[in-house]
Structure formats: structure tokens, C-alpha cells
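# Structural characterization, general
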Amino acid sequence: MYFALEQPTGARLLTEDDEELAVPVTLRYTSDDPLAVHFVFPPWISLDGEEVTWTFARGLLEEGLGCPAGVGNVHVHPHGPSHTAVEFRALEGVALVVFETAALHRFLLRSYAVMEPGGEPLEPALERGLASLLGGV
């Protein structure tokens, strides 16, 4: 059975000029991609005017709430006592987005109600990963 969980939340985009821009973000978890979380940003925040979704491991989000974590395009780390920073790295640059840790924690707890950590079926994720490595063959 398919299940989707969405949680709208507010965040702050930190600019190069040390200014903060309020950004609405939708946190999404779906049962058909149980190892991942999806952070959906509105079109007006992107360079091309299109909605942007960043997908990364749910375990990375969990780990990053307590200590610096991440390799590659997404890094998560504590940002003061009550906030968590998520760095999204692309060819165009790095976006540093700060969330209230409580909101991210609440989202994770809700996702665990859908699928416990470690209870995720691995076959679909492995099939998608292999297809991606083989160029969609």
C-alpha cells in the first residue's frame, strides 16, 4: 500500500551577504521510496523558476540532527542549540538552508510511523540504483 507524508515547514536561506530569506519547504516521505526524504522548494527560489526537489537518505537527515553528516551533494549539521543546517551543493553553487531542529525531528518521527528505520524493503531501492548505474537499461 502506497503512503505519502508531507509536512510544510519554514526555513531560512542564508545568502552570501549574511542575510536570511524566509523560504517555505515541504518535507516529503513516501512508502515507495522508503530510504529517502524529499525536500521540495518553491519555484520562486530556484534559478530557473521551477520547483526544486532534493532527495537524500533519511538516515543522513537523522544523523545530521546530532552531528555533522554527509558526503557529496547534501550535508546536514547542527546549527546552534535549536536549529539544523542543510547544505545543498550543485554546479551552480551551495545553498545553506536552516531549519528548526524540532520540525525536522517531528518529520522523522512521523516517517518512522510509516516505515520503521531498518524495516525498509531494499529490493525496489536496489533495482532503481542498478538501473541508474546501468543508464536506465
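What counts and what doesn't
- Residues numbered from 1 in each chain as written.
- Predicted model: local features only at pLDDT ≥ 70, side-chain atom pairs only at ≥ 80, totals over all residues.
- Heavy atoms only, no water.
- Helix = DSSP H or I, 4+ residues; strand = E, 2+ residues; numbered from the N terminus.
- Polar contact = N/O pair within 3.5 Å; in protein donor to acceptor, adjacent residues only side chain to side chain.
- Pairing = 2+ DSSP bridges.
- Core = buried A, V, L, I, M, F, W, Y, C linked by side-chain atoms within 4.5 Å.
- Buried < 20%, exposed > 50% of the residue type's maximum accessible area, 1.4 Å probe, protein only.
- Contact = heavy atoms within 4.5 Å.
- Phe/Tyr/Trp six-rings, centres within 6.5 Å; stacked < 30°, edge-to-face > 60°.
- 1 Å grid on protein atoms, 1.4 Å probe; cavity = no way out; pocket = protein on both sides within 12 Å on 5 of 7 lines; lining within 4 Å.
- Points joined across faces, edges and corners; volume = space filled by probe spheres on them.

### Quick notes on the side chain of Ser-111
Inspection of the secondary structure puts Ser-111 in helix 2 (residues 101-114). Within the structure, Ser-111 has its side chain in polar contact with the backbone oxygen of Leu-108 (distance 2.7 Å).

### Structural notes on the pairing of strand 8 (residues 93-100)
The pairing of strand 1 (residues 4-14) with strand 8 spans three bridges and is antiparallel. The partner of Leu-13 across the bridge, within strand 8, is Val-97. Of the strand pairs in this sheet, strand 7 (residues 83-90) and strand 8 are connected by eight bridges, and their pairing is antiparallel. Bridging from a neighbouring strand, Arg-89 pairs with Val-94 of strand 8.

### Structural notes on the nonpolar core
A general tendency of soluble globular proteins is for nonpolar side chains to be buried together. Core analysis: the biggest nonpolar cluster contains 26 residues, and Val-25, Phe-39, Phe-56, Leu-61, Phe-88 and Phe-99 have the highest contact counts within it. When contributions to this core are tallied by element, the ones reaching two or more residues are strand 1, strand 2 (20-30), strand 3 (36-41), helix 1 (58-64), strand 6 (74-78), strand 7, strand 8 and helix 2. Every residue in contact with Phe-39, bar those within four places of it in the chain, is listed here: Val-25, Thr-26, Leu-27, Val-52, Thr-53, Trp-54, Phe-56, Leu-61, Val-86, Phe-88, Phe-99 and Leu-104.

### Observations concerning the packing of aromatic side chains
Summed over all chains, the structure comprises six aromatic pairs. For the pair Phe-41 and Phe-88, a centre-to-centre distance of 5.4 Å together with 80° between the ring planes defines the contact as edge-to-face. In this pair, Phe-41 sits in strand 3 while Phe-88 sits in strand 7, placing the two residues 47 residues apart along the sequence. Taking the relative accessible area as the measure of exposure, Phe-41 reaches 7% and is therefore buried. You can call Phe-88 buried: its relative accessible area is 3%. Judged by centre distance (5.0 Å) and plane angle (45°), the ring pair of Trp-54 and Phe-88 falls under tilted. Highlighted residues: Trp-54 in strand 4 (residues 52-57) and Phe-88 in strand 7, separated in sequence by 34 residues. One aromatic cluster is present, formed by Phe-39, Phe-41, Trp-54, Phe-56, Phe-88 and Phe-99 through successive ring pairs.

### Remarks on the layout of surface pockets
What the largest pocket holds in volume is close to 620 Å³. Of all the secondary-structure elements, those providing two or more residues to the lining of the largest pocket are strand 1, strand 4, strand 7 and strand 8. Examining the composition of the lining of the largest pocket, we find that four residues originate from one element, strand 8, more than from any other.

### Some details on the environment of Ser-46
Relative to the elements of secondary structure, Ser-46 occurs in the loop between strand 3 and strand 4. On the accessibility criterion, Ser-46 (16% relative accessible area) is buried. Within the structure, Ser-46 has its side chain in polar contact with the backbone oxygen of Pro-43 (distance 3.1 Å). Of note is the side chain of Ser-46, whose polar atom sits 3.1 Å from the side chain of Asp-48.

### Considering the environment of Glu-63
For Glu-63, the position within the fold is in helix 1. Along the backbone, Glu-63 and Pro-78 are 15 residues apart, and their C-alpha atoms lie at a distance of 10.0 Å. Ignoring sequence-local partners within four residues, the contact set of Glu-63 consists of Pro-68 and Ala-69.

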